[in-house]
Amino acid sequence: MINLLLFPVLIPFLFAAVLLLFPKKVKAQRIVTMIGLLFALASSFALLYKVKVDGVQALTLGSWAPPFGITMVSDMFSAMLVTSSLLIALFVVWYSFNSIGEEREKAFYYPAILFMLTGVNGAFTTGDIFNMFVFFEVLLMSSYVLIVLGGEKIQLKESIKYIIVNIVSSSLFVITVGYLYSVVGTLNMADISVKLAEIGPSGIVTVIAVLFLIVFGIKGGIFPLFFWLPGSYAAPPIPVLALFGALLTKVGVYAIMRTYTLFFTTDVGYTHTLLMILSILTIVVGCIGALAYFDVKQIIIYNIVIAVGVILFGASVMNESGMMGSVFYLIHDILIKGALFLLIGIVIKITGTSDLRKMGGLMKRYPMLGWVYLIVAFGLAGIPPLSGFIGKLLIVQGGFEGELLWQSIFILASSLLVLLSAIRIFIYAFWGEEKGEFLISKKKYRHLLAPAITLASITVLYGVGAEYLVPFMADATNVLLDPSIYVDAVFEGVK
Amino acid sequence: MEILMSILIGFLFMAAVYLILSRSLLRIIIGTGLLSHGTHLLLLTMGGLGGKSAPVLADGITDYADPLPQALILTAIVISFGVTAFSLVLAYRAYKVVGTDNMDLMKGNEDND
């Protein structure tokens, strides 16, 4: 099955196309979406197994020999990301059944999600830098639809800013690809890697590296380019927010990690130091934001920014522990942010507000929600044996090995602030006197809680079973640290 | 020729940035349109403007234009066309609902407009 790596990209696309035909039949939409996601998830697990057994999978479309055709590459890193993004989408869709409202469901909500998954999985899988731009546009276009769907005043205001920021950054992406093309004369990522290594350190390559950092930094939300993120993400309803928060910034982070390990390894002293400094600043700003707000959405959104900083710090030190920590933490963050947003969504549904000062006393009537939230919050901060621990441990270990003493200590200290920001929600919302009316029926509460609890248990399993994941993570790390594995897989049978 | 193109591209970028920084939504969208025009010309220039004949394989032809930037531009044009159309519709809808096309008045959240 040489085409296996295309299935997680194509299955959502086909099902989305079918869904466009009968937008008003809500039941059918739900069922078909679920079937599509389950098929895609099954294919991604098959891909995971295949990559584990046979190594990096590569396919150049249309029987062109690489580097001339468009290549799709699936190494362990991208296969794991594809799997976790489909997993998150499955739970978000399940949660949407009782949360998003029929009006949005009739307005192409599910096709937009599936098209977005096509873009996300494509961006994770592609081995061609211009094709990555195209997949970015696919996912952005669907995200425009999702962010504006419903047409509330706040959504319209924020989506305009979101779209303009993304149009400008997409133009910058094309410009950067143009510069890169003029230097190396190829668009195939494996080929670019080889050619850039031949050129060696030079000024123009460093400029391109920094431009790529700006482009992907805008998508990923690193300092100082995250300015659009808190406002835009808070506008759409919770399931969309969960999907955006868990997936979209991670695509930017993935692209930075991919380009900074595959392409720009010749002038590490400049580019990776810049990445390291920016990631630390990102954490600082994220922590300030997470502690400053009383709005639950904003608190968790700023926690996305913090996580982006932590992941990129691990990637910037470029040693085995740091990189493995980053991979661990990236997957952890996709799962845990999904779970957190779903739980927060239930809190907002119950109290009818996202302002912490207006809520309280949920513990007495909704104990299950409280305890699950507490476990997920501990997982977010990285308390052993929950899922955030192992990633952060490895990142900090990598930092110490790379002789970045103060930065590593700072990452540890930031965990405490993350814990504080998450526990603040727990204290305000779950403790204290009951405030206001609770606006949700028992049945709906149970329906909303089911996907959130299942996802939360997966994050717990991810932490407890970390030992079994180490071989997978090691495979992913090896490819990231040794580009020749990636290059050889693409050019297999050609050179 | 490349120098001339670069000056033109720089001019387009300058106009685009000026328009994007203005307050009116429509001007911003026109600005993004100019930005993508500049980007497409840049792609063409980056591939090198030389080449006497079309990039079709035939006997005796050695000096041909680089076909790849043209393919890239075609893709990029289609995408920017779609995005511009979408943002124009969105701008119209936002104008109807929010009641203004002035970006300065589009700040604030649900609680305080």
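Not measured: the values here are computed from a predicted model.

**Re the overall build of chain A**
Helix and strand counts for chain A come out as 21 helices and 2 strands. Taking 23 Å as the expected radius of gyration for a compact globule of 495 residues, we find that chain A reaches 22 Å, a close match to that expectation. Its C-alpha atoms put chain A at 70 × 55 × 45 Å along the principal axes. Here chain A holds 495 residues, and the buried ones make up 59% of them. Considering only contacts within chain A whose residues lie at least 6 apart along the sequence, 81% involve residues at least 24 apart.

**Comments concerning the confidence of the model for chain B**
In regions of low pLDDT, the predicted coordinates are not meant to be interpreted in detail. All names here are of chain B. On average, residues of chain B score 88 in pLDDT, and 95% of them reach the 70 mark or higher. Helix H1 (residues 2–20) holds the highest mean pLDDT among the elements of chain B, 95, whereas helix H3 (residues 67–98) holds the lowest, 92. The ipTM for the predicted assembly is 0.94, set against a pTM of 0.95.

**Focus: the environment of Tyr270(A)**
With respect to the helices and strands, Tyr270(A) occurs in helix H12 (residues 268–292). Counting along the chain gives 68 residues from Tyr270(A) to Gly338(A), while the straight-line C-alpha distance between them is 34 Å.

**Here we look at the interface of chain B and chain A**
Between chain B and chain A, the contact holds 28 residues from the first and 24 residues from the second. Secondary structure elements with two or more residues in the side of chain B that touches chain A: helix H2 (25–46) and H3 of chain B. Residue contributions to the side of chain B that touches chain A peak at 14 residues, all from H3(B). Looking at the side of chain B that touches chain A, its residues break down into 18 nonpolar, 8 polar and 2 charged.

**Observations concerning the environment of Leu342(A)**
Residue and element names in this part refer to chain A. For Leu 342, the location among the structural elements is in helix H14 (residues 320–351). Exposure remark for Leu 342: the 30 C-beta atoms within 10 Å place this residue in the buried category. Taking the C-alpha atoms as reference points, Leu 342 and Gly 325, 17 residues apart in sequence, are found 25 Å from one another. Leave out the neighbours within four places in its chain, and Leu 342 touches Phe 91, Tyr 95, Ala 242, Pro 451, Ala 452 and Leu 455.

**Thoughts on the nonpolar core**
All names here are of chain A. Residues Ile 113, Ala 339, Leu 343, Val 376 and Ala 452 are the most contacted members of the largest nonpolar core, which totals 205 residues. With 19 residues, the top contributor of residues to this core is H14. Setting aside residues no more than four positions away along its own chain, Ala 452 makes contact with Tyr 95, Ala 339, Leu 342, Leu 343, Ile 346 and Val 372.

**Re the UniProt feature "transmembrane region" (unreviewed entry) in chain B**
All names here are of chain B. Feature annotation in UniProt assigns "transmembrane region" (unreviewed entry) to the following positions: residues 6–21, 28–51 and 71–92. End C-alpha atoms of residues 6–21 are separated by 22 Å, and the span's content is 94% helix alongside 0% strand. Split by type, residues 71–92 is 100% helix and 0% strand. Its first and last C-alpha atoms lie 32 Å apart.

**So, helix H7 (residues 153–184) of chain A**
Across its 32 residues, H7(A) extends 47 Å between first and last C-alpha, which sits within 8% of the 46 Å expected from 1.5 Å per residue. With 23 of 32 residues buried, H7(A) lies mostly within the body of the structure.

Here is what the cut-offs are and how they apply
- Residues numbered from 1 in each chain as written.
- Chains lettered and ligands numbered in written order.
- Predicted model: local features only at pLDDT ≥ 70, side-chain atom pairs only at ≥ 80, totals over all residues.
- Helix = DSSP H or I, 4+ residues; strand = E, 2+ residues; numbered from the N terminus.
- Rg over C-alpha atoms; globule rule 2.2 N^0.38 Å.
- Buried ≥ 20, exposed ≤ 12 C-beta atoms within 10 Å, placed from the backbone.
- Contact = placed C-beta atoms within 7 Å.
- pLDDT = per-residue confidence, 0-100.
- Nonpolar A, V, L, I, M, F, W, Y, C, P; charged D, E, K, R; others polar.
- Core = buried A, V, L, I, M, F, W, Y, C linked by C-beta atoms within 7 Å.
- UniProt positions renumbered as here; feature names shortened; annotations may be inferred.
- Expected span 1.5 Å × (residues − 1).

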